[in-house]
Amino acid sequence: MPDPSEIAAFRFGFGLPQARSAATTPEAILAALSGPDQGMALWPGPSEDEILSLHHEALIARRAVRKSGNDKVLREAYNGLARQVDRQEAQHARLFFARALDSPDAFRERLSWFWSDHFTTMAKSRQDRGFPGGMTDHALRPHLAGRFSALLRAAVLHPAMLLYLDQSTSMGPGSPAGKRRKTGLNENLARELVELHTLGVGADYAQEDVRQLAELLTGVAFEPGVGQVFHPRQAEPGPETVLGTRYAGEGMAPVLAALDDLARRPDTARHLARKLAVHFLTDTPDEQLVERMAEAYLRHDTALLPVYEVMLTDASAFAEPRVKARQPGEFLVASLRALNLGGAQVMRMAPKPFQRLLRDPLAAMGQPWARPRGPDGWPEAAAAWISPQGLAARISWAMEVPGLLVEGGMPDPRALLDQCLGGLAGEPLRIAAARSESIREGVGLVLASPEFNRR
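Owing to the predicted nature of the structure, the values given are computational and were not obtained by experimental measurement.

Draft legend 1. The side chain of D209, seen in detail. Along the chain, D209 turns up in helix 12 (residues 207-217). At a separation of 2.8 Å, a polar atom in the side chain of D209 contacts the main-chain amide nitrogen of L243.

Put into structure tokens, the structure is as follows:
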């Protein structure tokens, strides 16, 4: 019978072997999550000010190019800044791997991916590419074990979200700016806030609630070099009523009150509980477990740690079967971990090998870095990932790339199997690995096996 700690390593982390001092019980996992962010301490990224400043410089340079009619000198200056932004985005991709490989708090790393996906953003312009990674580091990670209400505020008001959903273009029809520019509401942020971030599709709300929320959000905008601001001249005058609650007042106060109220709705509790259970446990979670997670969320005023505790201490959490498919990013991290690669090796890889050996395969497997399919993020169903094309890309990577990454020779497939699967390996796979015609083939068999690709 598999060791429950091995199952937990797959389901709530990146598999075996685990990092030194990794937590393996629900109590230890929760204790680690309550402590400092070890992944960020090991591998810190660019500060918010650095990201904002570089974005502002690149934006000014781009506008100068357009104003000049594509002056060559100005264009070269802009291209230089744009390349710096590209490197910032690539740094976030490297940090994604390095923290997952080295941090003993694997559940926190998985949660940072989960919440980054829940609050999906994508850069629409080249100069915006530093923001999505910055949002994960500076808006989401500090609140992963805190209250969802704080997480919601930080995510929804981050530059990455405001830019992605074009919030700065939204103006109250009755506002001074709206009348002068003859422009109106943009409901993007309000709609995703309701449908994706809080209540969920199918919850008890109406189109009028979305419109009222969009009017309430007018004035919230992004200012280059500054971040989130509030422009009173864009704000729709008068009170708005969202889900039966009237919001009045000036500035950000009614906006923040509405966000807090959305976070505290029972529909939000159930939506988040179900989404967590689907991501970590099964596509068809036990409804009673979902209800218990939602109850914990509401009883503790949107605190997330009690919700995680209910999930981690459920009888199904540390038990077979493992029915979820590892998403491509998880597969690559798990493979690097199995091959004994660490974060330092990823961080010092030259740009071209990093692109060719990790980022390009990630895209080939269907999960290009920082390029989600839409605001609803990546799919959960195994069929979305274990498609003929996706599976072929995994097999190709498992066969061809490990030999290019491992220094000092490839591991014996039998030893690799014991190290990365332990008691989770089936007898047919053990026999196949032992009888493989070459080390390369044996390593590929293990990494491409169903046992390795399920969590």
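Having seen it, we continue.
Draft legend 2. Here's a closer look at the pairing of strand 2 (residues 227-230). Relative to strand 2, strand 1 (residues 220-223) is paired through four bridges, and the arrangement is antiparallel. Note on strand 2: the bridge partner recorded for E223 is G227.

Draft legend 3. Expanded view of a nonpolar patch on the surface. Together, I386, L391 and I395 line one region of the surface with nonpolar side chains, adding up to about 200 Å² of accessible area. Relative to the assigned elements, I395 resides in helix 21 (residues 388-400).

Draft legend 4. Examining the pattern of salt bridges more closely. Applying the stated criterion across every chain, the model contains 26 salt bridges. In this structure, the salt-bridge partner of D105 is R108, at a minimum N-O distance of 2.8 Å. Overall, the relative accessible area of 2% leaves D105 in the buried class. Judged by relative accessible area, R108 falls into the buried class, the value being 4%. Note that K324 is salt-bridged to E380, the shortest N-O span being 2.9 Å. With K324 in the loop between helix 16 (305-312) and helix 17 (328-338) and E380 in the loop between helix 19 (351-364) and helix 20 (382-385), the pair connects residues that are 56 residues apart, well separated along the chain. Both residues of the pair, K324 and E380, count as buried. When salt bridges with common partners are traced through the structure, they connect D37, E109 and R141 into a single cluster.

Draft legend 5. How the structure looks around unusual backbone geometry. Of note, the amide linkage connecting L16 to P17 takes the cis form, showing an omega dihedral of -5°. With respect to the element layout, P17 can be found in the loop between helix 1 (4-12) and helix 2 (26-34). E320 connects to P321 through a cis peptide bond whose omega is 5°. As for its placement among the helices and strands, P321 is situated in the loop between helix 16 and helix 17.

Draft legend 6. Main features of empty space enclosed by the protein. As enumerated under the stated definition, the model contains four cavities of 30 Å³ or more in all. Residue lining of the largest cavity: 35 residues in total, with F96, W113, S116, T136 and W369 positioned closest to the centre. Only helix 5 (72-102), helix 6 (106-118), helix 7 (131-140) and helix 17 provide two or more residues apiece to the lining of the largest cavity. Split into classes, the residues belonging to the lining of the largest cavity amount to 14 nonpolar, eleven polar and ten charged. Considering the residues around the second largest cavity, the lining is formed by 14 residues, among which Q18, A23, I29, A106 and F107 are closest to the centre. Mapped by element, the contributors of at least two residues to the lining of the second largest cavity are helix 1 and helix 6. Per-element tally for the lining of the second largest cavity: the top contributor is helix 1, with four residues. Along the lines of polarity and charge, the residues of the lining of the second largest cavity split into nine nonpolar, four polar and one charged.

Draft legend 7. How the structure looks around the packing of helix 2 against helix 6. Where helix 2 meets helix 6, the closest approach of the two axes is 8 Å, and the angle between their N-to-C directions is 65°. By the angle between their directions, the pair helix 2 and helix 6 is classed as roughly perpendicular. Contacts from I29, A32 and L33 in helix 2 reach F107, R108 and L111 in helix 6. Broken down by class, the residue content of the contact of helix 2 with helix 6 amounts to five nonpolar, no polar and one charged.

Draft legend 8. Structural detail: helix 7. When you tally the buried positions in helix 7, you get nine out of ten residues, the bulk of the element. Within helix 7 the residues assigned to the buried category are F131, P132, G133, G134, M135, T136, D137, A139 and L140.

What counts, and where the lines are drawn
Residues numbered from 1 in each chain as written. Predicted model: local features only at pLDDT ≥ 70, side-chain atom pairs only at ≥ 80, totals over all residues. Heavy atoms only, no water. Helix = DSSP H or I, 4+ residues; strand = E, 2+ residues; numbered from the N terminus. Polar contact = N/O pair within 3.5 Å; in protein donor to acceptor, adjacent residues only side chain to side chain. Pairing = 2+ DSSP bridges. Patch = residues over 30% accessible without salt bridge, like charges linked within 9 Å, V, L, I, M, F, W, Y side chains within 5 Å. Areas by Shrake-Rupley, 256 points an atom, 1.4 Å probe, with all protein chains shown as cover. Salt bridge = Lys/Arg side-chain N within 4 Å of Asp/Glu carboxyl O. Buried < 20%, exposed > 50% of the residue type's maximum accessible area, 1.4 Å probe, protein only. 1 Å grid on protein atoms, 1.4 Å probe; cavity = no way out; pocket = protein on both sides within 12 Å on 5 of 7 lines; lining within 4 Å. Points joined across faces, edges and corners; volume = space filled by probe spheres on them. Nonpolar A, V, L, I, M, F, W, Y, C, P; charged D, E, K, R; others polar. Axes fitted to C-alpha atoms, helices over the stretch in contact; angles between N-to-C directions. Parallel < 35°, antiparallel > 145°, perpendicular 65-115°, else oblique. Contact = heavy atoms within 4.5 Å.

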